[in-house]
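This is what each chain is made of:
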Amino acid sequence: MTDTSPEIVKKQLEIILSKSESERFRISDELNTFGRKVLESSICNEYLGISDIDLKIEVFKRCYASFFSPDELHRIVLSMMDYLQEENHSLGAAK
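*Asks:* Honestly, the overall build of the protein in this entry has me stumped. Any pointers?
*Replies:* Across its full length, the protein holds four helices and zero strands. Going residue by residue from the N terminus, the α and β elements of the protein occur as α-α-α-α. Taking 2.2 N^0.38 as the reference for a compact globule, 95 residues should give roughly 12 Å; the C-alpha atoms of the protein span a radius of gyration of 19 Å, well beyond that estimate. Along the longest, intermediate and shortest principal axes, the C-alpha atoms of the protein span 55 × 35 × 25 Å. Within the protein, the proportion of its 95 residues that are buried is 13%. Summarising the internal contacts of the protein: among those between residues at least 6 apart in sequence, 23% fall at separations of at least 24. Looking at the protein as shown, the accessible area adds up to about 8000 Å², and 58% of this sits on carbon and sulfur atoms.

*Asks:* What am I meant to see in a nonpolar patch on the surface here?
*Replies:* Together, Leu-13, Ile-16 and Leu-17 make up a nonpolar patch on the protein surface, roughly 300 Å² of accessible area in all. Secondary-structure assignment places Leu-13 in helix H1 (residues 6-17). Classification of Leu-13 as partly exposed rests on a relative accessible area of 48%.

*Asks:* Would you take a moment to explain the packing of aromatic side chains for this structure?
*Replies:* Ring pairs (aromatic) are described by centroid distance and by the angle formed between their planes. According to the stated counting rule, one finds three aromatic pairs in the structure shown. Seen from their ring centres, Phe-60 and Tyr-64 are 5.2 Å apart, and the 35 degrees between their planes marks the pair as tilted. Separated by four residues within a single helix, Phe-60 and Tyr-64 lie in helix H3 (residues 52-64), roughly one turn from each other. Each residue in the set Phe-60, Tyr-64, Phe-67 and Phe-68 is aromatic and connected to the rest through ring pairs, giving one cluster.

*Asks:* Would you mind going over the nonpolar core with me for this structure?
*Replies:* Within soluble globular proteins, side chains that are nonpolar tend to cluster in buried spots. Within the largest apolar cluster, seven residues are counted, these being Ile-53, Ile-57, Phe-60, Leu-73, Val-77, Met-80 and Leu-84. If you tally residues by element for this core, the top one is helix H4 (residues 70-94), at four residues. Setting aside chain neighbours within four positions, we find Ile-57 in contact with Val-77, Met-80, Met-81 and Leu-84.

The rules behind the values
Residues numbered from 1 in each chain as written. Predicted model: local features only at pLDDT ≥ 70, side-chain atom pairs only at ≥ 80, totals over all residues. Heavy atoms only, no water. Helix = DSSP H or I, 4+ residues; strand = E, 2+ residues; numbered from the N terminus. Rg over C-alpha atoms; globule rule 2.2 N^0.38 Å. Buried < 20%, exposed > 50% of the residue type's maximum accessible area, 1.4 Å probe, protein only. Contact = heavy atoms within 4.5 Å. Areas by Shrake-Rupley, 256 points an atom, 1.4 Å probe, with all protein chains shown as cover. Patch = residues over 30% accessible without salt bridge, like charges linked within 9 Å, V, L, I, M, F, W, Y side chains within 5 Å. Salt bridge = Lys/Arg side-chain N within 4 Å of Asp/Glu carboxyl O. Phe/Tyr/Trp six-rings, centres within 6.5 Å; stacked < 30°, edge-to-face > 60°. Core = buried A, V, L, I, M, F, W, Y, C linked by side-chain atoms within 4.5 Å.

Take a look at the structure:
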């Protein structure tokens with residue numbers, strides 16, 4: 001569903017396509033970064049004091065849960081936890 005008229009959508013597309021590939025990439029990267037920050041902020045407001053690892057996992061779940069069965073998602077989350085905890089441990093040992 002959209003409340004944007006077809007004429008406006010057409011104009012938006014014209015503006016986007018008038019940009020160079022590098023400008024379009026930069027814009028999409030900025031929009032992706034902004035969306036991720038909004039999502040992270042929402043999660044942090046919902047789960048006060050959430051750890052960095054749990055935040056990464058929750059972002060993943062909210063973005064990709066619809067792509068996996070519950071069992072697959074559970075296995076992926078367990079793998080992420082192992083990997084992120086090991087990475088976190090390795091970084092702490094390097095200090």
